[in-house]
Amino acid sequence: RLSAATELHDAQKLGAMLFQAIFPPEVLARFRSARDGLPLRGRLSVRLRLPPELSAIPWELLYDATTDQFLALADDLALVRCPELASPLRPLQLDGPLQVLVVLASPRGLRPIDLDRELARVVFALGQAQTNGQVVLNVIRGHGTYEQLRERLNEPVHVLHVLCHGDLDSKRGEGVLLFEDISGDKEQISALQLRMLIEKQRGQTRLVVLNSCLGAVSGGSDPFGSVGAALMRGGVPAVLAMQFEFPMDSANELARILYADLVKGRPIDMALTEAR
């Protein structure tokens, strides 16, 4: 078992190698110049447009050894992956409160997930916004997860938060979510299935949080084979997904801080930086 210090050192070592690869001298000079020229409390967006063969690399570990800093944790930067989309996104105009939907699934036969603890953190983070009527929170849980979600998506959902196990379907070369079927056993939901559901929203769903391991991993060469990337191709502007297995307590805390910042009006990329 690795110690925290050893893991940090390894992350810095890999991150420094990635940093050198993506920032050759000329690009690095322009990056530092742009960063130095930021106004007070300004931020610089670093958007990674990656070819399929490089999408599995953990670019979020980019580490600048000169400043001893992971770019994903810098409060004056916003580091995001940015797949090319077929059509531009249009601003969303809301006539009522923000509709947040939380989907909870813990199928029989798999490691149990503390669904109530996750839900409590989201509820707490959204607290005052719910009281003021700015946010409406709906919850789906239990047997028949997919069918419940399909029915609920006939109405507007602006933020979709999913807590479940994730896996890779090596035969189909794509990531899957593990929902509960009508008997409570696991039901694999593919990236394509979830994308087709979200497309029913016609651009109303603006953020999807996949609190499931491997939600950002594709089992093949298709960069949109992961659940998260498939949703972006389906028109969701922002998707938060995990590339590796992630401790549940850490995932829950990340979600709590993310939502707490979002309800204060902070942009998604900066809220994510704070949560990281």
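See above for the structure.
Reading the values: rules and limits
- Residues numbered from 1 in each chain as written.
- Predicted model: local features only at pLDDT ≥ 70, side-chain atom pairs only at ≥ 80, totals over all residues.
- Heavy atoms only, no water.
- Helix = DSSP H or I, 4+ residues; strand = E, 2+ residues; numbered from the N terminus.
- Buried < 20%, exposed > 50% of the residue type's maximum accessible area, 1.4 Å probe, protein only.
- Contact = heavy atoms within 4.5 Å.
- Areas by Shrake-Rupley, 256 points an atom, 1.4 Å probe, with all protein chains shown as cover.
- Pairing = 2+ DSSP bridges.
- Axes fitted to C-alpha atoms, helices over the stretch in contact; angles between N-to-C directions.
- Core = buried A, V, L, I, M, F, W, Y, C linked by side-chain atoms within 4.5 Å.
- Phe/Tyr/Trp six-rings, centres within 6.5 Å; stacked < 30°, edge-to-face > 60°.
- Salt bridge = Lys/Arg side-chain N within 4 Å of Asp/Glu carboxyl O.

S.K.: Talk me through the overall build of the protein; I want residue IDs and the actual numbers.
M.R.: Scanning the protein from N- to C-terminus turns up eight helices and twelve strands. The buried share among the 276 residues of the protein stands at 44%. Once local pairs closer than 6 in sequence are excluded, the contacts in the protein between residues at least 24 apart make up 72%. Only carbon and sulfur atoms are counted for the fraction: they give 53% of the accessible area of the protein, which is about 14700 Å².

S.K.: So, the sheet that holds strand β5 (residues 98–104): which residues are in play, and what are the values?
M.R.: Spatial strand order, β6-β5-β7-β11-β12: five strands in an open sheet with parallel pairing. The sheet is open, and its two borders are formed by β6 (135–141) and β12 (238–240), each paired with just one other strand. Averaged over neighbouring strand pairs, the angle between their axes works out to 15° when direction is ignored. Where β5 and β6 come together, seven bridges link them in parallel fashion.

S.K.: Lay out the nonpolar core with the relevant residues and their values.
M.R.: Among the nonpolar cores identified, the biggest contains 27 residues, and Leu 126, Leu 258 and Tyr 259 are the most heavily contacted of them. Elements supplying a minimum of two residues to this core: β5, α3 (115–131), β6, β7 (159–163), β11 (207–211), β12, α7 (248–262) and α8 (268–275). In this structure Tyr 259 touches Val 122, Ala 125, Leu 126, Val 159, His 161 and Val 209, once residues within four positions along its chain are discounted. Counting 24 residues, the second-largest nonpolar core is a separate cluster that includes Val 162, Ile 189, Leu 231 and Val 236.

S.K.: Account for the sheet that holds strand β9 (residues 174–180), with residues named and values stated.
M.R.: By way of backbone hydrogen bonds, the strands of a sheet pair with one another, either parallel or antiparallel. Strand order in the open sheet formed by three strands is β8-β9-β10, and the pairing between neighbours is antiparallel. Across the chains shown, the open sheet's two edge strands, defined by having one partner strand only, are β8 (165–169) and β10 (186–190). Averaged over all pairs of adjacent strands, the angle between their axes in this sheet comes to 40°, without regard to strand direction. Sheet topology note: the β9/β10 ladder contains five bridges and is antiparallel. Following the sheet pairing, Phe 179 is matched in β10 by Glu 187. In this fold helix α4 (residues 145–152) packs onto β9 and β10, with an angle of close to 95° to the strand it touches most, β9. Helix α5 (residues 191–199) rests against β9 and β10 of the sheet, and its axis sits at about 70° to β10.

S.K.: Requested: an account of the environment of Leu 210, with residues and values cited.
M.R.: Relative to the assigned elements, Leu 210 resides in strand β11. Assessed through its relative accessible area of 1%, Leu 210 is described here as buried. Between the alpha carbons of Leu 210 and Leu 163 there is a distance of 6.5 Å; along the sequence they are 47 residues apart.

S.K.: Outline the packing of aromatic side chains, listing residues and values.
M.R.: Aromatic ring pairs: the centre-centre distance and the angle between the two ring planes describe each pair. Scanning all chains against the criterion turns up three aromatic pairs. With a centroid separation of 4.6 Å and an interplanar angle of 35°, the aromatic rings of Phe 19 and Phe 23 are classed as tilted. Both residues of the pair, Phe 19 and Phe 23, count as buried. Taken together through their ring pairs, the aromatic side chains of Phe 19, Phe 23 and Phe 31 make up a single cluster.

S.K.: I'd love a proper account of unusual backbone geometry, names of residues and values included.
M.R.: Positioned with a positive phi, Asp 68 is a non-glycine residue whose angle comes to about 55°. Its identity as a non-glycine residue notwithstanding, Arg 202 has a phi of 50°, on the positive side.

S.K.: Pulling in residues and values, what's your account of the pattern of salt bridges?
M.R.: In total, this model carries 13 salt bridges according to the counting rule given. The salt bridge involving Arg 108 is made with Asp 185; its shortest N-O contact spans 3.2 Å. Here Asp 185 lies in the loop between β9 and β10 and Arg 108 lies in the loop between β5 and α3, a separation of 77 residues in the sequence. A salt bridge links Glu 253 to Arg 256; the shortest N-O distance between them is 2.7 Å.

These figures come from the coordinates and say nothing about function on their own.
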